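Given next are the chains, with one letter for each unit.
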Amino acid sequence: MKRILILPFLAVLLSGPAFAQGLGGPSSVQADLQPGDGLTDPQFRSDFPVNIAPGYFRWKESLAQKGFSFNFDYLALGQTSNSDQGEGEASGGIFRFYGTWKATEFGSLTFKLEDRHAYGDIAPQNFGFDGGALSITGTAFNDSGTLLTNFFWTQRADDGAWTFQIGQIDTTDFVDVYGLVSPYTAFQNLAFNTNPTINAPNAGLGIAAGAKLGSNFYATGAIADANADPSSPDFDVFSEGELFKSVEIGYTSGFDRVYFDNIHLTLWHADDADDGSRREDYGAAFSAAWFLENKWMPFFRAGTSKGRAALYDKSVSAGLGYYARNTDLAGVGLNWAEADGISGDQKTIEAFYRFSISPNLQITPSVQYIKDPLLSSGQSSVTLFGLRARIVF
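These numbers come from a predicted model, not from an experiment.

Asks: I'd love a proper account of the side chain of Ser81, names of residues and values included.
Replies: Considering the arrangement of structural elements, one finds Ser81 in strand β1 (residues 68–81). For Ser81, a relative accessible area of 17% puts it in the buried group. Ser81 has contacts with Gly88, Phe127, Val382, Thr383 and Leu384, leaving out every residue within four places of it along the chain.

Below, the structure is given as structure tokens:
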């Protein structure tokens, strides 16, 4: 059994003031409950589906005023490629039920239940591998079935001095995030989501905390089950002691814009598995993104890892997001990556445009171009076209 001293780690995190608004980033429940990416005064083309079930949405709003907020949503993604190998197409969907209950003035319960499924033989998350690229081209759109990805308690200080979370957490909601990290509303390729050099675990039992360090700096940290399986949640982490740990130090222009204007360094470590299924892994990631004129978001992200367990052992990404009217969102990103044990490097470009038809309906066409795919010596490039839709009830 492996042992770790958790209490001193938490004492460091909780010794200073921390986030008043929780740890959740753009892919979290907190963000998904807010239409329009948290931007003010959006104007939309339509009110669908609110206009077909106004009574239901009024009832939802009445519950939110009493402290219980929730959404049902459904996302679908279809992709096709010109690869010389594999199926040539992939598609899948995600049904989610998520929300928060503000049980006390400074304490709340967050939950998210999902069903992830493929429509055919290949789920979009595996489509890159199927086509010869070492690339996750449809992040989160896998065939994992029913998952409990969030069920945790959040406690905040009455003055916003600190935030603490414990329970079933998804570390990708807050580890190394930036404004365009969500695979549900922005980029689809993992190269532009959570850093692909981080061996982040699946959602599982964990603890996390955050602290302000003055008016612009912050620190966050997490300890989570490295063997987590959200399709079968358990408490085995207490007996096995195989953990994922992360610490992040960052700078923001203001804590109301912590994921819009953000520069940070993330350090992480994942234990190996006693059964040999996973190697010990550790690394560092850097991210810088800034929201200019509330329209433009240039970003630069890089990472390295040393254990051969993450997707890449070196990765550098750069790109630009642009928020148009009605909170439409365009994005383009470029990535360079190397994987330990595979010669050569792989380059990826992704571009997308998200049409926000209404606060609850989005359509996102995209294209991905992968140069020198690492799993295929017989083709120089692979091009993928995708179409994602999301509807919220």
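There is more to say after this.
Asks: Could you give an account of the pairing of strand β8 (residues 243–252), naming the residues involved and the relevant values?
Replies: Most of β8 sits inside the fold, with 7 of its 10 residues counted as buried. Bridge count for strand β7 (residues 217–225) against β8 is 9 bridges, and the pairing is antiparallel. From the neighbouring strand, Ile223 faces β8, where its bridge partner is Lys245. As paired elements, β8 and strand β9 (residues 262–270) share 9 bridges and run antiparallel to each other. Pairing of Ile249 across the sheet is with Leu265, part of β9.

Asks: For a nonpolar patch on the surface, give the residues involved together with the corresponding values.
Replies: Residues Leu213, Phe217, Val247, Ile249, Tyr251, Ile263, Leu265, Leu267, Phe286, Phe300 and Val316 make up a contiguous nonpolar surface patch of roughly 880 Å² in combined accessible area. Structurally, Ile263 can be placed in strand β9. The exposure class assigned to Ile263 is partly exposed, which follows from its relative accessible area of 33%.

Asks: Hey, could you go over the confidence of the model for the chain for me, with residue numbers and the actual values?
Replies: Here the chain shows a mean pLDDT of 89. Residues at 70 or above account for 92%. pLDDT under 50 marks residues 1–18. Its contacts with residues more than four places away, or in other chains, come to 41 contacts.

Asks: So, a negative patch on the surface: which residues are in play, and what are the values?
Replies: Taken together, the side chains of Asp229, Asp234, Asp236, Glu240, Asp274 and Asp275 define an acidic patch exposed on the protein surface. Along the chain, Asp229 falls in the loop between β7 and α5 (237–240). Look at Asp229 and you get partly exposed, because its relative accessible area is 37%.

Asks: Just give me the short version of the side chain of Thr139, but keep the residues and values in it.
Replies: Considering the arrangement of structural elements, one finds Thr139 in the loop between α4 (127–130) and β4 (145–156). A distance of 3.2 Å separates the side chain of Thr139 from the backbone nitrogen of Leu190, its partner in a polar contact. With residues up to four places along the chain from it excluded, the contact list for Thr139 reads Gln125, Pro183, Gln188, Asn189, Leu190 and Asn193.

Asks: An account of the environment of Val258 is requested, with residue identities and associated values reported.
Replies: By secondary structure assignment, the location of Val258 is in the loop between β8 and β9. Owing to a relative accessible area of 10%, Val258 belongs among the buried residues under this scheme. Considered as a pair, Val258 and Phe217 are 41 residues apart in the sequence and their alpha carbons are 9.8 Å apart.

Asks: Tell me what's going on with unusual backbone geometry, and back it up with residues and numbers.
Replies: Backbone torsion omega between Phe48 and Pro49 reads 0°, so that peptide bond is classified as cis. With respect to the helices, strands and loops of the structure, Pro49 is situated in the loop between α2 (29–32) and α3 (54–65). One non-glycine residue, Asn294, lies in the positive phi region at around 55°. When you line up the elements, Asn294 lands in the loop between β10 (281–289) and β11 (296–305). For Asn294, a relative accessible area of 42% translates into the label partly exposed. With phi around 55°, Asp372 is a residue other than glycine that occupies positive phi space.

Asks: Tell me what's going on with the pairing of β9, and back it up with residues and numbers.
Replies: Burial of β9 is one-sided: the residues Asn262, His264, Thr266, Trp268 and Ala270 facing one way are buried, the residues Ile263, Leu265, Leu267 and His269 facing the other way are not. For β9 and β10, the ladder comprises 9 bridges, and the chain directions are antiparallel. Bridge pairing links His264 to Ser287 in β10.

Asks: Break down the pattern of salt bridges for me, with residues and values.
Replies: This model, assessed by the stated rule, comprises 12 salt bridges. Note that Glu114 is salt-bridged to Lys112, the shortest N-O span being 4.0 Å. Owing to a relative accessible area of 2%, Glu114 belongs among the buried residues under this scheme. The residue Asp372 makes a salt bridge to Lys347 at a minimum N-O spacing of 2.7 Å. Of this pair, Asp372 sits in the loop between β15 (361–371) and β16 (381–392) while Lys347 sits in strand β14 (residues 346–358); the two residues are 25 residues apart in sequence, bridging distant segments of the chain.

Criteria and thresholds
- Residues numbered from 1 in each chain as written.
- Predicted model: local features only at pLDDT ≥ 70, side-chain atom pairs only at ≥ 80, totals over all residues.
- Heavy atoms only, no water.
- Helix = DSSP H or I, 4+ residues; strand = E, 2+ residues; numbered from the N terminus.
- Buried < 20%, exposed > 50% of the residue type's maximum accessible area, 1.4 Å probe, protein only.
- Contact = heavy atoms within 4.5 Å.
- Pairing = 2+ DSSP bridges.
- Patch = residues over 30% accessible without salt bridge, like charges linked within 9 Å, V, L, I, M, F, W, Y side chains within 5 Å.
- Areas by Shrake-Rupley, 256 points an atom, 1.4 Å probe, with all protein chains shown as cover.
- Salt bridge = Lys/Arg side-chain N within 4 Å of Asp/Glu carboxyl O.
- pLDDT = per-residue confidence, 0-100.
- Lys, Arg positive; Asp, Glu negative; His and termini not counted.
- Charge placed at Lys NZ, Arg CZ, Asp CG, Glu CD.
- Polar contact = N/O pair within 3.5 Å; in protein donor to acceptor, adjacent residues only side chain to side chain.

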